[in-house]
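Commentary on secondary and tertiary structure
Here's the letter readout for the chains.
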Amino acid sequence: MLKYLILASVFWFNPLISNIDILPDFIGYLLLMKAFSKASYLNDYADDVCVSAKKMCIVTGVKILSIFMVSSFDPTMSLLLSFSFGIVECIFGIPVFLKIFYALLHLTPTDNVNAQKREASVKRFTIITFVARHVFATLPDLTALTLNDAFTLETDYSFMRFRPLLIAFAFVISLVIGVIWLVRFISYLKCAVTKDIDIKLNYEYSEKIKKSQSIFETKNNIRATIIISVASVFIFDFNWAYTNADIFQDFMLPAVTITTLLFLMLKKSYKLSKMLLVLIATFALQISANIFEIKANVKYFSKYNLASVLKVSEAESWYANVVLSAILSAIMLIASCVIVWLALKQNAKLNILKHKSLFSESDIDYYLREYDMRTRKKTTLVVVFSVIAALVSVLTVMFKAYADWLILVNYVTEILLIISFISSTLYIYDEVYKRILIFS
């Protein structure tokens, strides 16, 4: 536990330069969840830390993506991002650190007076450091407010010329504060998280596994369901400029699903099934189709643009390969979405049967019939929206040279498919895994 907390603190102490984090906080929050992973099964305060850390993983993950999606050369956009994420991270981040101290306070033995004395002062300094880190990241970007030429971003009266100097000044001040915090925080951790605590946690955790195996298996399945749901965003087409190649490749959904199910197998929460083998075969075909699509797009758009389809006969011939690749990718998209959903559906039903003793107060046969009926509706939903999204994506590729409004329609159908897929997986989460977890 101690080593993960120390490693996490290393990723939190470094200064921010506008919206750029040299040592990503995202990794620090992952390490934090790892540090409290065992304690979260035994202590509600530790579980609260993990829940809050997951929220910060989402915030800091989006922050990392924003760097690639928005030009960092635009000073006004840099100000918007650094200010916005500074506010959001303070709202969600400060409670994380408060909960860390609160959890450690309850895990620390009452006779550890030294740790209890340090707790209040280190906690205050942690919050001050966290806020100051984001303030110093935003201050140099405020010079963008003095710009008065929206086209050239140049003016003799702008304070933008002082921005590099302010960044250097803010970086040094933030670094000094961060180093002081890092030393004090690690000193507190070494005092609070003793070897006795680790030994006690490991013993209680092993005993908990023996008595309540269903809790651990269900939490693993819940994590897997959430990860696969989030992976469905790769369905959305986000095209790379000039090549028209899709950055978010569709094969990522089955790839994440296969990886997650294999992880569950290692944790003995999932058994090898025919559905997994079918999914692996589908993934192999889909990645081939997606690679073919990327090559066809790169080949065409490296020489021609969309307008060339209407003017140049050779371009029309080359574009036929783009259309063909889109058709193959669309077919594989339908197959992968449906098979991933069926794999999740099958695994959830096996878990109902495996833990049917937890449903002793209800008629298990009736519950299974109800589950089959509702999941059939969800299956229909996923199939319908995946077919619509696939069909529209092909039509968009075929006719966007004539009607570019199809691109917007394509985005809408893909979003509807993602929503339908996530809503289906949430049904499994609510009606199966959440019930098992409550009754355990």
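Residues numbered from 1 in each chain as written. Predicted model: local features only at pLDDT ≥ 70, side-chain atom pairs only at ≥ 80, totals over all residues. Heavy atoms only, no water.

To continue, consider helix α5 (residues 113–138). Within an α-helix, residues lying three or four positions from one another point in the same direction, as the helix has 3.6 residues per turn. Between the first and last C-alpha of α5 there are 39 Å, a value that for 26 residues agrees with the 38 Å anticipated at 1.5 Å per step. A bend of about 35° at Glu119 is the largest found in α5. (Helix = DSSP H or I, 4+ residues; strand = E, 2+ residues; numbered from the N terminus. Expected span 1.5 Å × (residues − 1). Bend = angle between axes of the 7 residues up to and from the residue.)

Model confidence for the chain is summarised by a mean pLDDT of 82, while 89% of its residues fall at 70 or above. Confidence scores differ between elements of the chain, with helix α7 (residues 195–211) showing the lowest mean pLDDT of 73 and helix α9 (residues 252–266) the highest of 90. Scored below 50 in pLDDT, residues 150–156 makes 6 contacts in the model with residues more than four places away or belonging to other chains. (pLDDT = per-residue confidence, 0-100. Contact = heavy atoms within 4.5 Å.)

Within the largest apolar cluster, 47 residues are counted, with the highest numbers of intra-cluster contacts made by Met1, Leu5, Tyr29, Leu32, Phe36 and Leu104. Going through the elements one at a time, α1 (2–13), α2 (25–35), α3 (44–69), α4 (75–107), α5, α6 (163–192) and α7 are the ones with two or more residues in this core. By residue number, the principal contributor to this core is α4, which donates 11 residues. Beyond its immediate stretch of four places on either side in the chain, Tyr29 contacts Trp12, Ala53, Met56, Cys57, Thr60, Val96, Phe97 and Phe130. Leu264, Leu333, Ile364 and Phe421 belong to the second largest nonpolar core, which has 37 residues in total. (Core = buried A, V, L, I, M, F, W, Y, C linked by side-chain atoms within 4.5 Å. Buried < 20%, exposed > 50% of the residue type's maximum accessible area, 1.4 Å probe, protein only.)

With that out of the way, let us pick up the pattern of salt bridges. For the structure on display, the rule yields 7 salt bridges. Of the charged contacts, one joins Lys63 and Glu89 as a salt bridge, the two residues approaching to 2.8 Å between their closest N and O atoms. Here Glu89 lies in helix α4 and Lys63 lies in helix α3, a separation of 26 residues in the sequence. You can call Lys63 buried: its relative accessible area is 6%. Glu89 sits in the buried class, given a relative accessible area of 0%. Of the charged contacts, one joins Arg374 and Glu370 as a salt bridge, the two residues approaching to 2.9 Å between their closest N and O atoms. Of the two residues, Arg374 and Glu370 are both situated in helix α12 (residues 364–399); the distance of 4 residues between them amounts to about one turn of the helix. Under the relative-accessibility criterion, Glu370 is labelled partly exposed at 22%. It is possible to trace a salt-bridge network through shared partners that takes in Asp21, Asp25 and Arg133. (Salt bridge = Lys/Arg side-chain N within 4 Å of Asp/Glu carboxyl O.)

The tally for this structure, following the rule as stated, stands at 3 cavities of 30 Å³ or more. The calculated volume of the largest cavity comes to roughly 70 Å³. Around the largest cavity sit Trp12, Asp25, Tyr29, Phe97, Thr126, Thr129, Phe130, Arg133 and Trp181, which together line it. At 4 residues, the largest contribution of residues to the lining of the largest cavity is made by α5. Counted as a void, the second largest cavity has a volume near 50 Å³. Lining the second largest cavity, in full, are Leu16, Ile17, Ser18, Phe136, Ala137, Pro140, Ile167, Ala170, Phe171 and Ser174. Those elements that place two or more of their residues in the lining of the second largest cavity are β1 (16–17), α5 and α6. Ranked by residue count, the leading element in the lining of the second largest cavity is α6, at 4 residues. Split by residue class, the lining of the second largest cavity holds 8 nonpolar, 2 polar and no charged. (1 Å grid on protein atoms, 1.4 Å probe; cavity = no way out; pocket = protein on both sides within 12 Å on 5 of 7 lines; lining within 4 Å. Points joined across faces, edges and corners; volume = space filled by probe spheres on them. Nonpolar A, V, L, I, M, F, W, Y, C, P; charged D, E, K, R; others polar.)

Glancing now at a positive patch on the surface. A cluster of like positive charges, contributed by Lys3, Lys34, Lys38, Lys54, Arg223 and Lys267, occupies part of the molecular surface. Position of Lys3 relative to the elements: it lies in helix α1. (Patch = residues over 30% accessible without salt bridge, like charges linked within 9 Å, V, L, I, M, F, W, Y side chains within 5 Å. Areas by Shrake-Rupley, 256 points an atom, 1.4 Å probe, with all protein chains shown as cover. Lys, Arg positive; Asp, Glu negative; His and termini not counted. Charge placed at Lys NZ, Arg CZ, Asp CG, Glu CD.)

Residues Leu310, Leu391, Leu395, Met398, Phe399 and Tyr402 make up a contiguous nonpolar surface patch of roughly 570 Å² in combined accessible area. Assessed through its relative accessible area of 33%, Leu395 is described here as partly exposed.

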